[in-house]
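# Structure assessment
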Amino acid sequence: MNTPPLTSTLPEYTVTELSLALKRVVETGFSRVRVRGEISGLKRHTSGHVYFALKDQTSVLDGVCWRGSFQGLSITPQEGMEVIATGRLTTYPGRSKYQIIVETMELAGEGALLKLLEERKRKLAAEGLFEGSQKKPLPFLPHRIGIVTSPTGAVIRDILHRIADRFPLPILLWPVAVQGEGASSQVAAAIRGFNQLEEKPDLLIVARGGGSLEDLWTFNEECVVRAVAESQIPIISAVGHETDVTLIDFAADKRAPTPTAAAEFAVPVRSQLAHMVHQYESQISNRIRHMLSLYESRLEALCRGLPPLEAWLEEHMQKLDDLFERLVNAQRRFAEQQTLVFNHVVQRFSPALENVVQKAKQQYQVFAQLLESYSYTRTLERGFTFITKLDQTLISSKTNALPHEKIQIHFYDGTSKAEILEGD
């Protein structure tokens, strides 16, 4: 006799139900974790998402960084880089695996930072950002200085105090965070902001106090190095102590071992300048006096070589009298010569002139007799008259004579007034 199988008391799940249950357990138990490991199999999808694995000596954890989070990372993930990733654990039911969704990432250990620093240095140097030919000279005496640093702490106080002691001048502070998340973008924005001001400072100081490599990492970020290299305003880098080296030290126009030294590079000592000016003034005055004395001696020597002024004047006055007398005599001789020439010309041409004058007189008499024969007075003497109006307008025909109009009758020996009667 066959015995029927016993019914199981275990709950029954579909694959999807079990996957979702596991997903809830993992996400609830590990809502936020920090995992240290080496990046392996890094791949960036065309969507902008980044897929990779974190591994140590014995285990592997898949990871994904969505596009929005990847753009906000403080470092750029690279193959083989040891990092500390912060995010939340979840599962991917489609492949029955768990993974970490990375939200932030930082380098793990100083060795990894040094490796990244060296690689970044080579990259930026290959682009020419550290070329010495690009360095701008610092102004000897700036009118205004801009400072990019934290508004609190000893750094800003040391710089202000040192500048005030050496040569007080206007200071513009652009307060920024010098460490932590977002510090690099603030420093880069401050440098570019100073360059965009209408009244730009003549010099910039980018400064912070000393610290570990991680503390100074802000000044190794690409955005800060590029902002320093692009600046049209000369920049002094004053980050950390003398032994601390950051990438902006290579891009800046001048590196100062300390913030206090940056202030000393920025401005001269006012009292020393005043002393130098006084020394130069004394040297110039002494040289001028020496030159004047030298020229005075030369002038005296030249004067001794010259004849007495009175004797020189007397000699030249006598020469002037001789020249004047010669000029007068020459003028008189010239006048006499011209008179002789004129008399000779007159004597030569006198007969011809008398002949011309005689002919002109004869022609004049002929023309005068002809004119006299044509004169209207001869006609009037023969008994003729002519009539004019009182305004001397000639009345040449009857149509021009109006009844009762006053007229004048002209005879050869005078005039008589008359009046025109009516009728024919």
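Scroll up to find the structure this text is about.
What counts and how
Residues numbered from 1 in each chain as written. Predicted model: local features only at pLDDT ≥ 70, side-chain atom pairs only at ≥ 80, totals over all residues. Heavy atoms only, no water. Helix = DSSP H or I, 4+ residues; strand = E, 2+ residues; numbered from the N terminus. Expected span 1.5 Å × (residues − 1). Buried < 20%, exposed > 50% of the residue type's maximum accessible area, 1.4 Å probe, protein only. Arc of directions from axis to C-beta. Contact = heavy atoms within 4.5 Å. Axes fitted to C-alpha atoms, helices over the stretch in contact; angles between N-to-C directions. Parallel < 35°, antiparallel > 145°, perpendicular 65-115°, else oblique. Left-handed = near helix turned anticlockwise from the far one by under 90°. Nonpolar A, V, L, I, M, F, W, Y, C, P; charged D, E, K, R; others polar. Pairing = 2+ DSSP bridges. Salt bridge = Lys/Arg side-chain N within 4 Å of Asp/Glu carboxyl O. Right-handed = clockwise from strand over helix to strand, strands pointing away.

### A few points about helix 4 (residues 154–166)
The terminal C-alpha atoms of helix 4 lie 18 Å apart, and with 13 residues this matches the ideal 18 Å at 1.5 Å per residue to within 8%. Listing the buried residues of helix 4 in full gives Val155, Ile156, Ile159, Ile163 and Arg166. Along the axis of helix 4, the buried residues cluster in a sector spanning 110°; they form a single face. In helix 4, those exposed residues whose orientation departs by more than 90 degrees from the buried face are Arg157 and His161. Residues of helix 4 that are buried in the fold lie against strand 6 (145–149), strand 7 (171–175), strand 8 (203–208), helix 8 (259–266) and helix 9 (270–305).

### Considering the packing of helix 4 against helix 8
In contact at an axis separation of 8 Å, helix 4 and helix 8 are set at 30° when each is read in the N-to-C sense. Put simply, helix 4 runs roughly parallel to helix 8. Handedness of the crossing formed by helix 4 with helix 8: right-handed. Of helix 8, the residues touching helix 4 (which contributes Val155, Asp158, Ile159, Arg162, Ile163 and Arg166) are Pro259, Thr260, Ala263 and Glu264. Each residue belonging to the contact of helix 4 with helix 8 can be placed in one class, and the counts come to five nonpolar, one polar and four charged.

### Structural notes on the sheet that holds strand 11 (residues 386–389)
Within the open sheet, the three strands sit side by side as 11-12-13. Their pairing is antiparallel. Lying at the two open borders of the sheet, with one neighbouring strand each, are strand 11 and strand 13 (414–419). Mean inter-strand twist for the sheet, computed between neighbouring axes without regard to direction, equals 30°. The pairing of strand 12 (residues 406–411) with strand 13 spans six bridges and is antiparallel. Note on strand 13: the bridge partner recorded for glutamine 408 is lysine 417.

### Section: the pattern of salt bridges
Applying the stated criterion across every chain yields a total of 16 salt bridges. A salt bridge links glutamate 419 to lysine 406, with the nearest nitrogen and oxygen atoms 3.2 Å apart. Of this pair, glutamate 419 sits in strand 13 while lysine 406 sits in strand 12; the two residues are 13 residues apart in sequence, bridging distant segments of the chain. We classify lysine 406 as partly exposed; its relative accessible area is 46%. Through salt bridges with shared partners, one network takes in Lys123, Glu127, Glu222 and Arg226.

### Thoughts on the pairing of strand 5 (residues 97–107)
Examined bridge by bridge, strand 3 (residues 60–65) and strand 5 share three bridges and lie parallel to one another. Looking at strand 5, one finds that aspartate 62 is bridged to glutamine 99. Direction of pairing for strand 4 (residues 82–92) relative to strand 5: antiparallel, over a ladder of 10 bridges. Residue pairing in the sheet places threonine 86 in a bridge with threonine 104 of strand 5.

### Considerations on the pairing of strand 9 (residues 235–239)
Burial analysis of strand 9 places five of its five residues in the buried class, the great majority of the element. Of the two faces of strand 9, the one lined by Ile235, Ser237 and Val239 and the one lined by Ile236 and Ala238 are each fully buried. Direction of pairing for strand 8 relative to strand 9: parallel, over a ladder of five bridges. Looking at strand 9, one finds that valine 206 is bridged to serine 237. After leaving strand 8, the chain enters helix 6 (residues 222–230) and then returns to the sheet as strand 9, a path that is right-handed. Pairing analysis gives two bridges linking strand 9 to strand 10 (residues 254–255), with the strands arranged parallel. When the bridges of strand 10 are listed, serine 237 appears paired with arginine 255.

What is shown is where atoms sit, not what they do.
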